[in-house]
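Structural characterization, general
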Protein chains: 2
Amino acid sequence: MENFQYYTPTKVVFGKGAEEQAGELIRQQGCGRVLVHYGSGSVVRSGLLDRICASLDREKIPYITLGGVVPNPRLSLVYEGIDLCRRENVDFILAVGGGSVIDSAKAIGYGVKYDGDVWDFYSGKQKAKESVPIGVVLTISAAGSEMSDSSVITNEDGWLKRGYSSDCGRARFAVMNPELTMTLPKYQTASGCVDIMMHTMERYFNLSENMELTDGISEHLIRTVMKNAKILMTEPDNYDARAEVMWAGSLSHNGLTGCGTGGGDWACHQLEHELGGMFDVAHGAGLAAVWGSWARYVIDADPERFAKFAVNVMGVEPAESDEATGLKGIEAMEEFYRALEMPVKISDMGIQLTEEQMEELAEKCSHFGKRTVGCMKKLTKDDVYLIYKEAR
Amino acid sequence: MENFQYYTPTKVVFGKGAEEQAGELIRQQGCGRVLVHYGSGSVVRSGLLDRICASLDREKIPYITLGGVVPNPRLSLVYEGIDLCRRENVDFILAVGGGSVIDSAKAIGYGVKYDGDVWDFYSGKQKAKESVPIGVVLTISAAGSEMSDSSVITNEDGWLKRGYSSDCGRARFAVMNPELTMTLPKYQTASGCVDIMMHTMERYFNLSENMELTDGISEHLIRTVMKNAKILMTEPDNYDARAEVMWAGSLSHNGLTGCGTGGGDWACHQLEHELGGMFDVAHGAGLAAVWGSWARYVIDADPERFAKFAVNVMGVEPAESDEATGLKGIEAMEEFYRALEMPVKISDMGIQLTEEQMEELAEKCSHFGKRTVGCMKKLTKDDVYLIYKEAR
């Protein structure tokens with residue numbers, strides 16, 4: 001197994017009514033002025049934003065607000081947030097929302113403390129040395145950004161969707177009340193569940209000899225999300241199912257399921273990032289749309305691993321060979337995606353990729369041929385093109 | 001399921017050669033002078049202490065040393081450490097050893113920052129507000145103190161063994177190289193594995209409706225430790241088995257396996273603390289010696305839970321009733337303890353409890369009748385006495 005680091009300093013406050021503690025948690029950070037960052041409609045309509053602001057008022061914490069974050073959060077709003085924080089001497093950012101809002105908050109945090117263009121971090125030119133600390137009130141179970149070191153921002157100039165990871169961006173605290181996710185539409189719930197599963201599956205598939213402890217945790221986490229995702233399709237108000245999924249979302253991306261794995265594959269995330277940048281699809285849905293094609297493309301690199309996944313996660317009976325077992329597992333996962341009304345092809349999202357678009361996606365995904373993606377196979381631009389074509 | 005908090009800020013550096021990073025990790029803490037705290041023989045004999053000191057020298061970090069920690073670490077040495085730290089302006093403590101050394105370091109850390117007697121925290125009179133930060137180089141997989149908020153100190157005045165838990169005592173970092181545990185004698189390895197399992201079992205057994213995600217992680221963790229403990233009985237140098245056990249030791253006591261459980265039972269720990277205080281037994285061995293008697297005493301409070309444990313962890317076939325299944329699981333666990341040459345009765349440790357001693361243990365464990373222990377059943381002094389008697 002591989003050496004690893006594990007660092008998850010985020011204090012989680014989980015359960016009913018947890019959001020009432022936001023003010024007190026911020027006060028414990030000893031900050032002077034807070035930016036409350038959020039998206040649009042639902043946080044305002046549900047009254048959550050008012051309750052959070054009331055919690056800050058009770059603690060006499062000065063704050064300003066900045067809404068308007070959209071899915072696949074935009075660099076332009078990040079720039080606006082940076083200017084605002086500097087002008088108003090903000091020293092703490094509270095993200096109220098899901099992964100997009102948290103990622104936008106992280107990017108603002110990095111940018112405030114950096115003299116250059118914050119995009120430098122996302123384009124790989126620079127590494128962040130510090131950040132304005134952030135806290136989270138989570139309203140969507142999906143991205144795991146509340147406990148992860150990563151954030152993904154979309155640059156409208158070229159519609160490039162790029163990720164950046166740094167320990168200094170990790171949230172100081174995350175307030176997680178599963179009830180806040182009950183109003184999510186079915187499609188977003190399903191898409192979030194796929195995203196959660198994929199954060200562990202990306203780590204699970206690698207060429208290292210994994211830790212037994214990590215493998216079993218990963219397999220159980222995926223099974224738990226699958227079971228509860230199905231429950232949520234018919235019982236969106238089921239608290240326990242919302243809670244299982246919400247906590248799985250954090251554990252799936254805080255590093256736990258990657259311990260000893262050498263990092264994982266992550267090709268599907270790279271493939272989806274380009275789709276998300278070009279078409280603004282829901283992240284989880286985009287992952288579901290490419291996963292099967294990716295899996296069939298790389299299965300021969302480690303059929304045993306795919307067979308283990310098929311048996312332990314998908315409950316498949318072993319077939320005549322590891323590869324045959326693994327293929328049955330891939331089919332079973334696609335069946336599950338369909339049951340969640342998730343796509344298993346890009347066309348299932350209403351996108352008919354043209355030849356030129358596939359070329360462009362492959363160009364961008366491979367950074368114009370300058371890098372490979374994934375570790376099961378190191379996928380070149382041509383490989384990536386073929387996977388997009390298969391997934392079309 | 002219950003609301004919960006989860007907070008594990010300790011940065012883990014895990015794997016071969018990890019201890020070489022101790023100096024750099026301390027430098028990142030920005031401290032002025034370090035106390036290197038350790039036990040006795042093996043850390044010195046193995047050359048580990050020299051390597052750690054060399055790592056500090058390379059980073060030009062001034063340090064002093066204090067050895068002499070014994071199993072069931074003593075309050076008198078804690079006092080000595082506090083005096084030393086104050087005299088020498090120590091602002092970081094590096095524990096090089098296992099749970100006893102880490103717990104001693106935590107107690108010193110609390111004491112340096114407190115005007116009164118550090119025992120006030122362990123006797124429940126006060127709560128620590130701050131601590132000198134500590135770091136860990138782990139050499140024994142067992143207590144989980146490297147990532148936990150808890151520490152246990154023995155007061156020679158009355159041989160009282162008492163625990164104290166505080167987030168401010170959590171280690172800033174933990175350096176974990178499984179190779180460092182390869183020289184542990186078989187008995188200590190086995191005892192450590194029992195301790196690790198029990199940290200999760202204490203959390204697993206409770207009257208709440210547990211999270212599915214937590215339950216499955218717990219069950220897999222215990223199974224993984226059992227499997228690898230057996231391997232280590234014949235292959236003490238097996239790196240992978242040492243690594244599985246070491247990482248399980250941290251995850252078992254950092255809070256992960258308690259999420260949503262409402263806290264857990266912990267009666268066995270209380271029962272063992274008194275044994276450890278009176279007889280200086282190895283903690284894990286003491287836990288093994290009382291667990292079966294405790295389990296049979298409380299099984300009727302929730303036979304279903306014991307049955308789940310029996311089937312999912314011990315691989316027992318369901319019997320005619322949950323209680324019958326649960327009892328088979330308890331027997332199977334005792335069988336496993338015996339296979340590890342661990343005790344299943346107190347007399348197996350060469351201790352023949354007298355009537356007076358059982359009375360005294362029950363008095364101390366119940367804080368002289370002023371508290372109950374456990375949650376499966378709230379055990380009074382009389383209950384505790386009966387369990388000691390059964391375990392005798």
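What counts as what
Throughout this document, residue positions are counted from 1 along each chain, in the order its sequence is written. The lettering of chains begins at A and the numbering of ligands begins at 1, in the order of writing. Confidence filtering applies because this is a predicted model: local features only for residues at pLDDT of at least 70, side-chain atom pairs given and counted only at 80 or more, and all residues used for totals across whole chains, interfaces and linings. With hydrogens and water stripped out, all remaining heavy atoms of the structure feed into the side-chain values. Secondary structure elements are defined from DSSP: runs of H or I of at least 4 residues count as helices, runs of E of at least 2 residues count as strands, and each element is numbered from the N terminus. Here the globule rule is a power law, 2.2 Å times the number of residues to the power 0.38, and the radius of gyration is based on C-alpha atoms. Under the scheme applied here, a residue whose accessible area is under 20% of the maximum for its type counts as buried, over 50% as exposed, and between as partly exposed, the area being computed with a 1.4 Å probe on protein chains only. Here, two residues are considered to be in contact whenever any of their heavy atoms come within 4.5 Å of each other. Each accessible area is a Shrake-Rupley result for a 1.4 Å probe, and residues are judged covered by the shown protein chains and nothing else. Charge assignment in this entry is limited to Lys and Arg as positive and Asp and Glu as negative, and neither His nor the chain termini are counted. Charge coordinates come from a single atom per side chain, which is NZ of Lys, CZ of Arg, CG of Asp or CD of Glu. Copies are brought into register by a least-squares superposition over C-alpha atoms of residues with pLDDT of at least 70 in both. Grouping into patches uses exposed residues only, defined as over 30% relative accessible area, and leaves out salt-bridged ones; the cut-off is 9 Å for like charges and 5 Å for nonpolar side chains (Val, Leu, Ile, Met, Phe, Trp, Tyr). Salt bridge, as used here, is a side-chain nitrogen of Lys or Arg placed within 4 Å of a carboxyl oxygen of Asp or Glu. Buried area is calculated as the accessible area (1.4 Å probe) missing from two parts once they are joined, with the contributions of both summed. Within 3.5 Å is the distance limit for a polar contact, defined as a pair of N or O atoms, with the added protein rule that one can donate a hydrogen and the other accept it, and that residues adjacent in sequence qualify only through two side-chain atoms. Asp, Glu, Lys and Arg are counted as charged, while Ala, Val, Leu, Ile, Met, Phe, Trp, Tyr, Cys and Pro are counted as nonpolar; the rest, among them Gly, fall into the polar class. DSSP-based pairing: two strands are paired if at least 2 bridges between them are found.

For the rest of this paragraph, the subject is the overall build of chain A. A count of helical and extended segments in chain A gives 15 helices and eight strands. Over its C-alpha atoms chain A spans a radius of gyration of 20 Å, differing by no more than 12% from the 21 Å that the globule rule assigns to 392 residues. Put simply, chain A has 392 residues, and 62% of those count as buried. Considering only contacts within chain A whose residues lie at least 6 apart along the sequence, 78% involve residues at least 24 apart. Counting only carbon and sulfur atoms, one obtains 46% of the accessible surface of chain A, whose full area is about 14200 Å². For chain A, the distance from the average position of its 40 positive side-chain charges to the average position of its 56 negative side-chain charges is 4 Å.

Here chain A sits on chain B after a turn of 180° about the axis and a move of 0.0 Å along it, with an RMSD of 0.0 Å. On the angle and the small slide along the axis, the relation comes out as a two-fold axis. It is Pro9 of chain A whose C-alpha, among those of chain A, lies nearest the rotation axis, at 1.9 Å. Interface overlap between copies: 100% of the residues of chain A at the interface are likewise at the interface in chain B, consistent with a symmetric, same-surface contact.

Moving on, we come to a negative patch on the surface. Residue and element names in this part refer to chain A. A cluster of acidic residues, Glu355, Glu356, Glu359 and Asp382, forms a negative patch on the protein surface. Per-element accounting of the negative patch gives the leading share, three residues, to helix α14 (residues 355-365). Assignment of secondary structure puts Glu359 in helix α14.

Turning our attention to the interface of chain A and chain B. Counting residues at the interface gives 38 residues for chain A and 38 residues for chain B. Here chain A and chain B share an interface that buries about 3500 Å² over both sides, 59% of which is from carbon and sulfur atoms. The largest per-residue losses of area from chain A upon contact with chain B belong to Tyr6, Glu212 and Leu213 of chain A, which jointly make up 19% of the total buried on that side. There are two salt bridges connecting chain A and chain B. The partner of Glu212 of chain B in a salt bridge is Lys227 of chain A, with the nearest N and O atoms 2.9 Å apart. For the pair chain A and chain B, the number of links is 21 residue pairs in polar contact (both at pLDDT 80 or more). Elements that contribute at least two residues to the side of chain A that touches chain B include exactly β1 (4-14), α8 (212-234) and α9 (239-253) of chain A. Considering every element that reaches the side of chain A that touches chain B, the biggest residue donor is β1 of chain A, with eleven residues. Taken together, the residues of the side of chain A that touches chain B break down into 20 nonpolar, ten polar and eight charged. Of the strand pairs in this sheet, β1 of chain A and strand β1 (residues 4-14) of chain B are connected by seven bridges, and their pairing is antiparallel. Along β1 of chain B, the bridge assignment pairs Gln5 of chain A with Val13 of chain B.

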